[in-house]
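Geometric and topological summary
Here is how the chains run, residue by residue.
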Amino acid sequence: MIRQPRPAARILLVDAAGRTLMFRFTPDDRPPFWCTPGGAVDPGESYEQAARRELREETGLDRDCGPQVARRQVEFRTIEGVEVEADERYFRVDIDAHDVTGAGHTPLEQRVMQSWRWFSREELAAHDEPYFPTDLLDLLDAPESTPTEPTHV
């Protein structure tokens with residue numbers, strides 16, 4: 001199977017209580033799952049520009065996301081049903097608090113990404129629905145400005 005390349009920026013948004021923001025996806029063709037904010041890099045956009053845009057669109061927070069803290073190469077099927085090989089770059093953004101707004105969500109996101117919540121580490125470890133990245137707890141422990149080598153999951 002030929003997979004399309006998909007560069008993507010993802011955000012590890014962490015509040016002052018150490019909780020991480022996750023969005024719940026409810027696609028028509030598979031069980032629900034949770035993901036960090038983020039998405040595909042648009043043509044002509046850098047990973048850093050995409051991270052800022054995705055943070056603004058998905059949360060309503062407009063700020064620089066800082067340097068990449070991790071990199072993953074993963075294969076999956078998008079919500080639209082496209083098989084991709086994603087080059088995901090992660091950015092950590094620490095904030096005091098933020099009320100998420102879905103005002104910037106696309107029509108597709110409005111349909112499949114209707115809920116979000118802040119998870120503590122303990123809640124993530126005990127959560128019964130899948131979440132991505134699967135090694136999120138390790139990513140949250142990683143030094144804040146040391147990108148990791150690409151891995152396949």
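If you're wondering where the values come from, they're calculated on a predicted model, not measured in any experiment.

Looking now at the overall build of the chain. A tally of regular secondary structure across the chain gives four helices and eight strands. Going from the N terminus to the C terminus, the chain shows its helices and strands as β-β-β-β-α-β-β-α-β-α-β-α. Rg of the C-alpha trace for the chain: 14 Å, near the compact-globule value of 15 Å for 153 residues, within the 12% margin. Considering only C-alpha atoms, the chain reaches an extent of 45 × 30 × 30 Å along its principal axes. The buried share of the chain, reckoned over its 153 residues, is 43%.

Our focus in this paragraph is the pattern of salt bridges. Evaluation of the coordinates by the stated rule reveals 18 salt bridges. Across the pair Arg3 and Glu83 runs a salt bridge, and its minimum N-O distance is 2.8 Å. Taken together, the residues span a long stretch of sequence, with Arg3 in the segment before strand 1 (4–14) and Glu83 in strand 6 (residues 83–94) at a distance of 80 residues. One salt bridge in this structure joins Asp15 and Arg19, with 2.6 Å as the shortest N-O distance. Members of the salt-bridge network, linked through shared partners, are Asp42, Glu45, Arg53, Glu54 and Glu57.

Now for the nonpolar core. Residues Ile11, Leu13, Phe25, Leu55, Cys65 and Val93 are the most contacted members of the largest nonpolar core, which totals 22 residues. When residues of this core are traced back to their parent elements, those giving at least two are strand 1, strand 2 (20–25), strand 3 (33–35), helix 1 (47–59) and strand 6. Here this core takes four residues from helix 1, the largest share from any one element. Excluding residues within four positions of it along the chain, Cys65 makes contact with Ile11, Ala51, Arg52, Leu55, Phe91, Arg92 and Val93. Leu12, Ala70, Tyr90 and Leu136 belong to the second largest nonpolar core, which has 13 residues in total.

The next subject is the packing of aromatic side chains. Evaluation of the coordinates by the stated rule reveals four aromatic pairs. Each residue in the set Phe25, Phe33 and Phe132 is aromatic and connected to the rest through ring pairs, giving one cluster. In this structure, Arg89 is placed above the aromatic ring of Tyr47, and the distance from its NZ or CZ to the ring centre is 4.0 Å.

This part covers the UniProt feature "domain: Nudix hydrolase" (unreviewed entry) in the chain. In the numbering used here, UniProt assigns the feature "domain: Nudix hydrolase" (unreviewed entry) to residues 4–141. Secondary structure content for residues 4–141 is 22% helix and 38% strand, while the C-alpha to C-alpha distance between its ends is 31 Å.

On to helix 1. Compared with an ideal rise of 1.5 Å per residue, which puts 13 residues at 18 Å, helix 1 spans 18 Å between its outermost C-alpha atoms and is within 8% of the ideal. Inspection of helix 1 places Tyr47, Ala50, Ala51, Arg53, Glu54, Leu55, Glu58 and Thr59 among the buried residues, and these make up the whole buried set. Those residues of helix 1 that are buried are in contact with strand 1, strand 2, strand 4 (38–40), strand 5 (68–77), strand 6 and helix 2 (107–112). After helix 1 finishes, the residue Gly60 shows a positive phi value of roughly 85 degrees.

The rules we used
- Position numbers for residues start from 1 in each chain and track the written sequence from start to end.
- At least 70 in pLDDT is required for a residue's local features to be given in this predicted model, at least 80 for side-chain atom pairs to be given and counted, and no such filter applies to totals for whole chains, interfaces and linings, which use all residues.
- The basis for every side-chain value is the complete set of heavy atoms in the structure, and neither hydrogens nor water enter the calculation.
- A run of DSSP states H or I qualifies as a helix once it reaches four residues; a run of E qualifies as a strand once it reaches two. Both are numbered from the N-terminal end.
- Note that the radius of gyration is over C-alpha atoms, with the globule rule given as 2.2 Å times the number of residues to the power 0.38.
- Any residue under 20% of the maximum accessible area for its type is buried, any over 50% is exposed, and the rest in between are partly exposed; the area is computed with a 1.4 Å probe on protein chains only.
- A pairing counts as a salt bridge when a side-chain nitrogen of Lys or Arg comes within 4 Å of a carboxyl oxygen of Asp or Glu.
- In this description, a nonpolar core means a group of buried Ala, Val, Leu, Ile, Met, Phe, Trp, Tyr and Cys residues linked to one another through side-chain atoms lying within 4.5 Å.
- Residue contacts are defined here by distance: any two heavy atoms, one from each residue, within 4.5 Å place the two residues in contact.
- A pair of aromatic rings is counted whenever rings of Phe, Tyr or Trp (Trp by its six-membered ring) have centres within 6.5 Å, and the orientation is called stacked for planes under 30 degrees apart, edge-to-face for over 60 and tilted otherwise.
- Here, over-ring charges are defined by two tests on the NZ atom of lysine or the CZ atom of arginine: distance to the ring centre within 6 Å, and angle to the ring normal within 35 degrees.
- UniProt positions are given in the numbering used here, feature names are shortened, and annotations may be inferred rather than shown by experiment.
- One less than the residue count of a helix, multiplied by 1.5 Å, gives the span that helix is expected to have.

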